[in-house]
Amino acid sequence: MSAPSRHYLDTVAALTERKAALAVPISSPHTGAPADVAGHVRAALARLRPELLALSHRIFEHAEEAFRETNSVADIRTLLAAHGIASTGNAYGLATAFEAEIGDPTGPTVAILAEYDALPGIGHGCGHNIIAASAVGAFLALAAVADQLPGRVVLLGTPAEEGGNGKELLARAGAFELVDAAIMVHPFGYDAADHPFIGRRIVRVRYTGVAAHASASPFMGRNALDAVALNYQAVGFLRQHLPPGDRIHGVVLAGGDRPNIVPAFAELEYYLRSPAVETLKDLSNRVEDIARGSALSTGTTVEVQWDPAPYSLPIRFNEPLTARWAVRQAELGRTVLTRAVVPSELAASTDFGNVSARVPAIHPVIRVSPPEISLHTVEFAEYAQGPDGDAAVLDGADGLALTAADFLFDGDLRQAVAADFAAAGGVLDVEGYFS
Ligand SMILES: [Zn+2]
Ligand SMILES: [Zn+2]
């Protein structure tokens, strides 16, 4: 085995450090919520501190995987109830989704999203315990000023970010229909406002051929494994001609049973990723052509199954609202960087992208680890339950609460948010986009 060189990562890290030192702080032309409201919210958060950290640690210990986050949800709903707030379980038909609301339902609505699912084998290696506790913290802090709020705050518990795309299921069931802006925060190796999360589709390709004795009568066979091999090679050739941000990664799920039988069935699965919906569509078309061309070449038949789980679209960041997050974090001493500074090559995908294609949205990332620790590792999980994770729970709750308050109190900000969303293309037909 050859050890991968660290040179690229080290170079990117050094460049990022130089750019960060020169970065101009993100500013906002908007005033947001009045200072006394912000003061009350922050005082409430200080009181909530022990409960929020305990919640984060309990969810970390539960480490429940997608759609099975029963104890995590029960803990959150118990804490809400202890503060006199009723919540709805089984929200929008998902057993581990929940919803609660405070404020004035006749005003604008901001939704704060809480994820809480873990990963197989490595528990909270994506730090969703921090996402849940900071969202709950923001909601409870705003509940302390509920009678002053000129609008509504919804806390939406969103299951199954990892692999299940729970937010798309919630969206299809109507969870965002009355929402004017959606906000959440994700732990990371940097504080960044608009770190890209790219779109992702899944495709399964199944080839069916004709089995035959591989030695006695191979000419009577049609080899499904050959189709898979051609497909995998063609995708390899395609890579040279993709835009720099695109990615394809695949595995062979089936490739025959024994060498003396011509494989009559073989199957591949790919993840396709791209930074824009348009290029993701292009990439999908190329991969579909490869799937069909490989069948024609080998005399097999092909079944192409797109999106066995709902796809993730790239996150569309709302600039005026993200700026409010950055300004509020700066008040806590966190310098929020932009994608001009933080390396955007190191990108993954999230179902929050689908939310951001429907309503104005922000998904900043908050630092809990050194930059070289990547998400989905046991090392990241250590940070997610440690002192840096705890600090992110409290600072994340502060940022979400005050960004929500800014949105509800500042009409000029809401207009700018709506204009930015319209300029980015407005509401996208998420369900129909690839059909
Ligand atoms: Zn993750
Ligand atoms: Zn995550």
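Structural data are supplied above this passage.
A short tour of the structure in this document, coming up. Every value quoted in this text rests on a predicted model; they were computed, and no experiment measured them.

By secondary structure assignment, the location of S349 is in the loop between α8 (319-330) and α9 (352-356). One polar contact links the side chain of S349 to the main-chain carbonyl oxygen of I198, over a distance of 2.9 Å. Polar side-chain contacts of S349 include one of 3.0 Å to the side chain of R273. If near-sequence neighbours (up to four positions away) are discounted, S349 is found in contact with E161, F197, I198, G199, R200, R273 and S312.

Within the protein, C126 (SG), E162 (OE) and H376 (NE2) serve as the donor atoms for the zinc ion (ligand 1), at 2.0 to 2.3 Å. Every donor residue of the zinc ion (ligand 1) comes from the same chain, spaced as C-x35-E-x213-H. A separation of 3.1 Å is found between the zinc ion (ligand 1) and the zinc ion (ligand 2), which share C126 as a coordinating residue. Taken together, the residues C126 in the loop between β3 (109-114) and α4 (128-143) and H376 in the loop between β12 (365-367) and α10 (378-384) connect sequence positions 250 residues apart. Taking the relative accessible area as the measure of exposure, C126 reaches 6% and is therefore buried. Classification of H376 by relative accessible area gives partly exposed; the value is 38%.

Glancing now at the pattern of salt bridges. All told, the structure shown has 22 salt bridges when counted by the stated rule. For the salt bridge of R201 with D307, the shortest nitrogen-to-oxygen distance reads 2.6 Å. Note that R201 is positioned in strand β7 (residues 199-208) and D307 in the loop between β10 (301-306) and α8, a separation of 106 residues in sequence. With respect to burial, R201 and D307 carry one shared label: buried. The partner of R328 in a salt bridge is D406, with the nearest N and O atoms 2.7 Å apart. Of this pair, R328 sits in helix α8 while D406 sits in helix α11 (residues 387-409), and the two are 78 residues apart along the sequence. No difference in accessibility class separates R328 from D406, as the two residues are buried. If you follow the salt bridges from partner to partner, you end up with R42, R324, R328, E331, D398 and D406 in one network.

Looking at soluble globular proteins, one finds that nonpolar side chains tend to be buried together. By size, the foremost hydrophobic cluster in this structure holds 98 residues, and its most contacted members are L80, I112, L142 and F176. Sequence-distant contacts of F176, that is, excluding residues within four places in its chain, are made with L113, L156, K167, A171, A182, V355 and V359. Within the second largest apolar cluster, 29 residues are counted, among which are A266, A295, W306 and F434.

Below, the discussion takes up the coordination of the zinc ion (ligand 2). Ideal geometry at a metal gives 109.5 degrees between four tetrahedral donors and either 90 or 180 degrees between six octahedral ones. Distances from the zinc ion (ligand 2) to its protein donors, C126 (SG), H128 (NE2) and H186 (NE2), fall at 2.0 to 2.3 Å. In the primary structure, the donors to the zinc ion (ligand 2) are separated according to the pattern C-x1-H-x57-H. H186 sits in the buried class, given a relative accessible area of 4%.

Scoring rules and cut-offs
Residues numbered from 1 in each chain as written. Chains lettered and ligands numbered in written order. Predicted model: local features only at pLDDT ≥ 70, side-chain atom pairs only at ≥ 80, totals over all residues. Heavy atoms only, no water. Helix = DSSP H or I, 4+ residues; strand = E, 2+ residues; numbered from the N terminus. Polar contact = N/O pair within 3.5 Å; in protein donor to acceptor, adjacent residues only side chain to side chain. Contact = heavy atoms within 4.5 Å. Donors = N, O, S within 2.8 Å, 3.2 Å for Na, K, Ca; no water. Buried < 20%, exposed > 50% of the residue type's maximum accessible area, 1.4 Å probe, protein only. Salt bridge = Lys/Arg side-chain N within 4 Å of Asp/Glu carboxyl O. Core = buried A, V, L, I, M, F, W, Y, C linked by side-chain atoms within 4.5 Å.

This is a description of form; function is not addressed.
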